[in-house]
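# Reading the structure
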Protein chains: 2
Amino acid sequence: MNEQFPFAERGRCRVVIENVSPEIEAGRFPIKRVIGEHVVVEADIFADGHDSLAAVLKFRAEESPEWSETPMESLANDRWRGEFFTTKLGNYFYTIEAWVDQFKSWQTDLQKKLEAGQDVSIELRAGAQLIERAAQRAASRDAENLLSWAKELSIGESITGDPIARRALNRDLTDTARRCLGRQFSTKYEKELPVAVDPERARFSAWYEMFPRSFASAAEKHGTFKDCELQLPRISKMGFDVLYLPPIHPIGKSFRKGKNNNVVCEPGEPGSPWAIESGAGGHKAIHPELGTLEDFKSLIARAKEFKIEIALDIAFQCSPDHPYIREHPQWFRHRPDGSIQYAENPPKKYQDIVPFDFECEDWKNLWQELKSVFTFWIGQGVNIFRVDNPHTKPFAFLEWCIAELKATNHELIFLSEAFTRPKPMYHLAELGFTQSYNYFPWRNSKDELETYFTELTQSPVADFFHPNLWPNTPDILAQFLQTDGREAFAIRLVLAATLGASYGIYGPAFELCENTPREPGSEEYLNSEKYEIKRWDLSAPHSLENLIARVNQIRRENPALQSDRNLKFHRVDNDQLIAYTKSTDDGSDTILTVVNLSPHYTHSGWLELPLEEFGLDARKTYQMHDLLTDARFLWRGPRNYVELNPVLSSAHIFRLRRHVRTEHDFDYFA
Amino acid sequence: MNEQFPFAERGRCRVVIENVSPEIEAGRFPIKRVIGEHVVVEADIFADGHDSLAAVLKFRAEESPEWSETPMESLANDRWRGEFFTTKLGNYFYTIEAWVDQFKSWQTDLQKKLEAGQDVSIELRAGAQLIERAAQRAASRDAENLLSWAKELSIGESITGDPIARRALNRDLTDTARRCLGRQFSTKYEKELPVAVDPERARFSAWYEMFPRSFASAAEKHGTFKDCELQLPRISKMGFDVLYLPPIHPIGKSFRKGKNNNVVCEPGEPGSPWAIESGAGGHKAIHPELGTLEDFKSLIARAKEFKIEIALDIAFQCSPDHPYIREHPQWFRHRPDGSIQYAENPPKKYQDIVPFDFECEDWKNLWQELKSVFTFWIGQGVNIFRVDNPHTKPFAFLEWCIAELKATNHELIFLSEAFTRPKPMYHLAELGFTQSYNYFPWRNSKDELETYFTELTQSPVADFFHPNLWPNTPDILAQFLQTDGREAFAIRLVLAATLGASYGIYGPAFELCENTPREPGSEEYLNSEKYEIKRWDLSAPHSLENLIARVNQIRRENPALQSDRNLKFHRVDNDQLIAYTKSTDDGSDTILTVVNLSPHYTHSGWLELPLEEFGLDARKTYQMHDLLTDARFLWRGPRNYVELNPVLSSAHIFRLRRHVRTEHDFDYFA
């Protein structure tokens, strides 16, 4: 008979659970949360008829076999919601169970009949039967209480003096009865949906990228890890908590690129750190001129004292001198003339770079070896990796590699450097990358910024994609930065640091407002540090160090700025002024940022705020405290005037202060 | 080793397929199409790197084990699209396969290098190697051609006289090589997504509901199936193709409802057809006063001659006299006093109706018995069922029952009568109902209609929900109809018949503009036909018969009106005027409907049409032919004036005619 009943086991399960959110690609990929964050789950839950339903959100950390539960609440239109908090790093799972709540259904119907003045004696006896059933499953004490309650209802006589009808709705006994009746014919959602829980830095971080070789104490020398240590106080003072170094491996000699990416390299030129390996050691070796492995570990330890983590750049490609090419020729493509296939993006050729052939027969050993590169550096104390061009490596490899590494080390953070098309960019985040570079460098106008950051923070993308906003990188001198000097850098800094809970700059080029492109129309730096050792004048008076330090301090002191999903844009009647708030869930911290997007001109306009969302009374004055300048403004009502002169400041970063001092606060005895 | 490689079998499959549409609840439910319709499938398809990809849409009818294939095309932003046509009733499945197209990648790179003037001799040799690999898998003739081609490329000498570079791009040989190279490391989408293919009437139908008992030839008599036969010419002349009868089973006597739903029934009152069964036979019997089973079959046969199908109403509930209650007491709930539990929606009681207890132990036999009710009537020639209140029966039962019945009879159509909340209403369509009643009776203003029909036709809902629009039913005398006489009925008729490819009316109450509610504020009819036999004056001069006949003829003659997903609203600068078009896919038929929503006043406004979507030249005159009045208007440009006086006509139903006669058409020799 079961042949004909494909739903046999759930034939009497009357509740439907569907349209669960969040749920990425039918549960194929985890949503992301950082430790301590809550996961809010919603679903359509309904049954035939008009019975009352009950639903629970079930969740567990991967290693615990037992589910925890929290009740879900019914919102409007058959939508239900529940939430749980993540308290451990690693993976969680959640799912939903829902059932017809017989006891609540009985009580609800009873109440309606009572209100209509109907005779309910038979209904009370029906309730007594339900309660007796509950008593059979109850522990002795509960059973006793339930049985006595059932007796009252069946004979229609209250023992408390309360009217029997009110007695039937007794809340304590109701809870006991509902619990003991259990979940007959409950529907279990068929999927267990994953959550990746990462350390807080996955969501909130400030990155500083620098080339160690440019920081030698003496001119004409190659900077070392030791020299980097001397930079730590400055970086810490600016408020960064991740120091990211381009690849630290030996640099290839064959086809080494010269200054400004010249295909001819003059003797003595250092080459690009992304052309990995000369001689022995490969991706697990250190470029001798930077120092030793011990020096590197010392840098990590010193950085920790400043609460700074070192992030390493992993670029899975080889220079033609890389030992892999001799030891594992099967991992590379060869051309019909026997030569090795270098990287190409026709008609462009990258003869200093040899890609792996991930379609080779020996792919499993290749995967293991590449994974071991991460494992090696994790062993030295590195927890954060920026992965170079991941969109040119197979997605299956990256998914496997990150999952394997995170299974034993939940602290790891992987930043995806994929300036590629939207779908592959998002897919890299889905498959496991913790943070992602994104299109921020090319979103400049108010409309572009609002549209893009609404997509990143208010669509399902926000559940798996942590954007990391970089106004510049060694590869990108964004056009906006090229023409308007210091003000342009200040604008992009404030936008990056307040739109994004994570952001980064490539310094000191950024704070020193280095803005000359290699040629007009190019977004490459002239005399790029990628191909040569630079000397930076860190004490130049136009340096943005102080502004950066101030902005990072504001970020640290205001939890509202440490999230992305809380971003909301607000109307200003001037297209050169952009305004947005971020608030903590409990409303205790609200930051309003207003930026004048024009580096040249003063702009003013009327700003509209949804006061009720901030718990403000439209008839009362509130204070806006500009954390950049420490100026305080008294505002009233939803519309207020803002004006920004870029010579003074291109931005307000206001903290909303609800309490304004009045005469009642005056202390007559002070 | 495979332990560590959960993706082992797809480690080298570099293509990602995700975000496939249509896809309902991760493929749990089928999308709906009618026979001959196409299924357009889109997906995000991409791989690492910049290789060229290829993708196919695979599809098959359920009974055929072999997949058919059609290539998918790349749109913008990594989105791909393919389509197939449904040619058989029953279920189809579709899925996607995609792979890196090595040969195309090679040719694309080659072409770029040629355009950049680079030396390509090694590339030609690499191509020759690929072609040789293809030749190994080719049939003899192809193999010969490919090998000779490979030879040309490897020695760099063309045999055709064409430059060797152009020769490398030869299209015929390219197709052969690509085909023979096959689909190395192809990615197969993990789901096979279902399609339910129904007869055309599932999408395009005009229903007429009537109570046979009111059509006796002599007064004071109970109408019969024979009397119904006499109505067929009239119904056919009006243009309906489904004649839907309320339940035809014997009507219960216990607690029989009297006139106007009175709980007391006078002797001789007929009762409600939905209170099923007195005496023997139950849901498989016919109310004796309507005639015999033979009479019913004769009605079906006569109707077929008029191309009309009979739709039966299946109401899964019993009167207290139903034989099930004696024979299967275990299928019902009993109250503590031993009495049977009648239907309730507290504080309302429906003592003439006893619901089944779908949670009973014997549920499997109950399911089988209820299914056998359909099977019985299918055996008598019924293919269309209107299911009464399906939202009060378990979804699992309905899903099982409809699937079982349709497995052996693909022609079946099930109409869901669920005037319930949106989520259960949609879920009934997901689980198998072909057509659905919906909120049309309560959507009256322009904004309400636009919002609701955009949701029904332009969101994913359109893939599984065929709305059937009823301006009235025996249960619903919509408020809009109550106050404004004939014009109100005309407005709702045109809206139902042109907004919906399927619609229906409850007649003759509708065409005779019966509009008195039981009491002010009620949407029940006064002296409802549900509880008494009516006499209708079908020849009344105010009857809408002629308008209905005209509108149904327009629907039949214009395929644009036979679909729902092609609905588009257009701007009119008057909120009392609503305008929308429907077009066939090939653009050969475009219908513009404009309705004056006010039954009282003339309204006019300027209408904006997107001419380019209709293939119209903004500088040329086109003709709008009003199919209701046969008037023709010459329009030019996107903005045109419309005016509707409800005394003359509340609507235009324009057919767009592109060709306007000019002097060049004049036949000098005629």
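Details of the structure are given in the entry above.
Presented here is a report on the structure given in the accompanying data block.

How each quantity is defined
Residues numbered from 1 in each chain as written. Chains lettered and ligands numbered in written order. Predicted model: local features only at pLDDT ≥ 70, side-chain atom pairs only at ≥ 80, totals over all residues. Heavy atoms only, no water. Salt bridge = Lys/Arg side-chain N within 4 Å of Asp/Glu carboxyl O. Helix = DSSP H or I, 4+ residues; strand = E, 2+ residues; numbered from the N terminus. Contact = heavy atoms within 4.5 Å. Buried area = accessible area lost by both parts, 1.4 Å probe. Polar contact = N/O pair within 3.5 Å; in protein donor to acceptor, adjacent residues only side chain to side chain. Nonpolar A, V, L, I, M, F, W, Y, C, P; charged D, E, K, R; others polar. Core = buried A, V, L, I, M, F, W, Y, C linked by side-chain atoms within 4.5 Å. Buried < 20%, exposed > 50% of the residue type's maximum accessible area, 1.4 Å probe, protein only. Domains from an automatic or database assignment. Pairing = 2+ DSSP bridges. Axes fitted to C-alpha atoms, helices over the stretch in contact; angles between N-to-C directions.

## Notes on the pattern of salt bridges
Counted under the stated rule, the structure contains 101 salt bridges over all chains. Overlapping salt bridges bring together R14, D48 and D51 of chain A together with R333, D357 and E359 of chain B as one network.

## Some points on unusual backbone geometry
Cis geometry marks the peptide bond from P346 of chain B to P347 of chain B; its omega dihedral reads 5 degrees. Along the polypeptide, P347 of chain B turns up in the loop between β14 (343-345) and β15 (348-350). Geometrically, the link from G507 of chain B to P508 of chain B is a cis peptide bond, its omega value of -10 degrees lying close to zero. Along the chain, P508 of chain B turns up in the loop between β22 (502-506) and α15 (545-557). For E220 of chain A, which is not a glycine, the phi torsion comes out positive at approximately 70 degrees. On the secondary structure map, E220 of chain A appears in the loop between β11 (205-209) and α6 (225-238). Even without being glycine, N389 of chain A reaches a positive phi, approximately 45 degrees. Position of N389 of chain A relative to the elements: it lies in the loop between β16 (384-388) and α10 (395-408).

## What to know about the interface of chain B and chain A
Often, the extent of an interface is quoted as the loss of accessible area upon association of its parts. Residue-level contacts link 72 residues of chain B with 72 residues of chain A. Looking only at chain B, the three residues that lose the most surface to chain A are R12, E359 and K423 of chain B, adding up to 11% of its buried area. The tally of links between chain B and chain A comes to 12 salt bridges. If you look at where chain B meets chain A, you find 24 residue pairs in polar contact (both at pLDDT 80 or more). Where the side of chain B that touches chain A is concerned, the elements lending two or more residues are β1 (15-21), β3 (38-47), α1 (102-115), α2 (121-136), β14, α9 (363-379), α10 (395-408) and α11 (422-431) of chain B. Classifying every residue of the side of chain B that touches chain A gives 27 nonpolar, 15 polar and 30 charged.

## What to know about the nonpolar core
All names here are of chain B. Counting 158 residues, the largest nonpolar core has I45 and F296 as its most contacted members. Considering each element in turn, this core owes the most residues, 10 residues, to helix α14 (residues 485-499). Residues lining this core come from more than one domain, with at least three contributed by each of domain 1 (8-102 + 187-197) and domain 2 (562-669). Among residues more than four places away in sequence, those in contact with F296 are F225, L245, I248, I286, I310, L312, W377 and V382.

## A word on the sheet that holds strand β27 (residues 621-626) of chain A
Residues and elements named next belong to chain A. If you walk across this open sheet you meet the six strands as β23-β24-β25-β30-β27-β28, and the pairing is antiparallel. If you trace the sheet from one side to the other, it starts and ends with β23 (567-570) and β28 (632-636), each paired once. Between one strand and the next, the sheet's axes are offset by a mean angle of 30 degrees, whatever the strand orientation. The pairing of β23 with strand β24 (residues 577-583) spans four bridges and is antiparallel. Paired with K568 across the two strands is T581, which belongs to β24.

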